[in-house]
Structure formats: C-alpha cells, structure tokens
Amino acid sequence: TVLTQFRSKPYRNKRLSNAATMSLSAKEKNIVRDFFKKVSSRSEEVGTEALSRMLTVYPQTKSYFAHWKDLSPGSPPVRKHGITIMGGVYDAVSKVDDLVGGLLTLSELHAFMLRIDPVNFKILSHCMLVVLSMLFPEDFTPQVHLAVDKFLALLALALAEKYR
Amino acid sequence: MVEWTDQERTLIANIFANLDYEDIVKPDVSCHHSLCLRCLIVYPWTQRYFGGFGNLYNADAIMNNPMISAHGVKILHGLDRAVKNMDDIKNAYATLSELHSEKLHVDPDNFRLLSDCLSIVIASKMGYDFTPDLQAAWQKFLTVVVFALGRQYH
C-alpha cells in the first residue's frame, strides 16, 4: 500500500543526503550500463553537442568559460571539454554502485576549484538527454529515459557532495 | 512583454508547422516519439492527475491507453494557442492558467516537467534538424508558456 512507503526505517548510513534520493534499482543500473555501452562509439559527439547546446540555450552558463577564445557550437575548446565531460560520465557509469564514494575527487574538484553552481548540473543533464534522444531515437525509450535521467540526477548529487 | 526576434518567430512557427500532433502522441510500438506517455513514465508522480483515465498501472498500459494519447493532442493544441498569440502569451493563457489552478489543481512544476519531455521528444523526431539555435528559441518559448500557465496561481 501507499502507506508502507512512509513507514520510517532506521537509516542504514550516516549520510542523510542518501535517504532523500531516488536510488537506482538493479534493473535501472543495467539499463544505464547497456545504453551507455551503445552510446560509446559516439560519446564525443554527445559531449560536444550537449555542451554546445548548454552554452547556446542557457547563455548564463557561458560565465564559466570566459577564458575560452571560442564558445560557438562545436568549436575546438567546446569539443575538447565535451570529451572530458563524457569521460567523467563514463567513469560514473562504471561506479554506479557507489557514485558518492567513486566521485569524491571529482566532487572536490567541482566544489573547491571549479565552484560551479549545482543548478548547472541539471541544465547540462537536460541537454545530454536532448542529445541522446536526437542521436539514438530508437534506443532512448521512455524506460531508458527514466533510468538515465535518474542516473544523471544522482551523478549531479554526488558531484555536489563536497560543496558544503 | 517578451521580445521575439524574427528568427525566433520563424523557428518556432516551423516546429509547429512540421509537427504531426497525432504522430507525436500515438502509442507506437516502441513509443519513443510519444509525448504524454513519456512524461507519465519518466515522472510517474504526474499520473496523479489522470485518475479517471483508466489503466496506468505500468508502462505498457500507459503506452496503449487511447485516452492518454487523446489528451496529448489536447495539450499540443493548447500550445498552438501560444504560437498564435506570441506577443501576448500572458493574457492568451489567463483562463487556461485559472483552469489549471482552480479546477485541475496541477502543481505548476509539472508544466516544466512536461516541457522538458516535449523538447526531448521533438529532438528525437527531428534529429540534427533540432539545432542549438532552434533549441534555444524553443526553450525560450516553453519558458514563457510555463510562466504564463503558472501566473494565475495564488
């Protein structure tokens, strides 16, 4: 019944943040792993497109890249950075069973050095979903969409872990 | 007052001109193009507003539910109203906003969720034709629509 969802359970770990998340089921983790395997041959394209769109559709995100010479879609710095980001995403896929633990260093990087406002993780995630849907319309079914959306949200949470 | 460039008006009008409403909501076999159904699956809490729509028990049931696809067409026609009144979406949507607030009691965050799903479905249909500039104009349009729909809430 609906009520059983709200029966309180003792927290199994000290991190209260985990208690508030919608975690991935085993099935969803497999969906994520399988889908990203399919995507891997075009991961550079995904990274470049997602980043290009983020900068165009949400121009406030350009504020983090004032040091780049060229912010136009598909430019060399955008391409290079798209590859870096996708590298991070794939790293997260391999650590899907413990995103917070696995992404600790990346979180420290984002928290102390890059200091990117976490709202932008959501924006980039949305752009990634748009691009995945564009490039893999047959494979990006609603069930895959759901699993990947959850995964990216959990990734973002793990990245923000060290912020404060 | 929202300012639209000529380019933005053209881009947005083109999306609608090329949109086949029936196609975008139909429960096809793999369902990847279907709008309304996608939102109900990806954000299952949105199902709360569809108690009278029959079987929504699982993804398959949702995908084969004709009432849901009919509703998807209704929503797209609603968006049409904004395209036809781009210079005053706020007022064009005043009664719709009241309807969603007073009668339907829809949490306005759902408008944002649906609009995100809509972008993703349109991207899957258009592929590379859904350029960054097009997405930017489209996102601006959706943001205005979502704001207008939420405006009469109190």
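Reading the values: rules and limits
- Residues numbered from 1 in each chain as written.
- Chains lettered and ligands numbered in written order.
- Predicted model: local features only at pLDDT ≥ 70, side-chain atom pairs only at ≥ 80, totals over all residues.
- Heavy atoms only, no water.
- UniProt positions renumbered as here; feature names shortened; annotations may be inferred.
- Contact = heavy atoms within 4.5 Å.
- Buried area = accessible area lost by both parts, 1.4 Å probe.
- Salt bridge = Lys/Arg side-chain N within 4 Å of Asp/Glu carboxyl O.
- Polar contact = N/O pair within 3.5 Å; in protein donor to acceptor, adjacent residues only side chain to side chain.
- Helix = DSSP H or I, 4+ residues; strand = E, 2+ residues; numbered from the N terminus.
- Nonpolar A, V, L, I, M, F, W, Y, C, P; charged D, E, K, R; others polar.

By the naming in an unreviewed UniProt entry, chain B goes by Hemoglobin subunit epsilon 1 and is assigned to Myripristis murdjan. According to its UniProt record, chain B has this under Sequence similarities (unreviewed entry): "Belongs to the globin family."

Chain A has the name Hemoglobin subunit alpha-2-like in an unreviewed UniProt entry, where Myripristis murdjan is given as its organism. Looking at chain A in UniProt, the text filed under Sequence similarities (unreviewed entry) is "Belongs to the globin family."

J.: Before we go on, may I ask you to explain the interface of chain B and chain A in this structure?
T.: When the parts of a complex come together, some accessible area is lost, and that lost area is often used as the size of the interface. In this assembly, 25 residues from chain B lie in contact with 25 residues from chain A. Both sides of the chain B and chain A interface together cover about 2200 Å² of buried area, and 62% of this is carbon and sulfur. Put simply, chain B and chain A have zero salt bridges between them. Between chain B and chain A we count nine residue pairs in polar contact (both at pLDDT 80 or more) in total. Mapped onto the side of chain B that touches chain A, the elements with two or more residues apiece are helix H3 (35-42), helix H4 (59-63), helix H8 (109-126) and helix H9 (132-150) of chain B. Ranked by the residues each element gives to the side of chain B that touches chain A, the list is headed by H8 of chain B, at six residues. Along the lines of polarity and charge, the residues of the side of chain B that touches chain A split into 14 nonpolar, eight polar and three charged.

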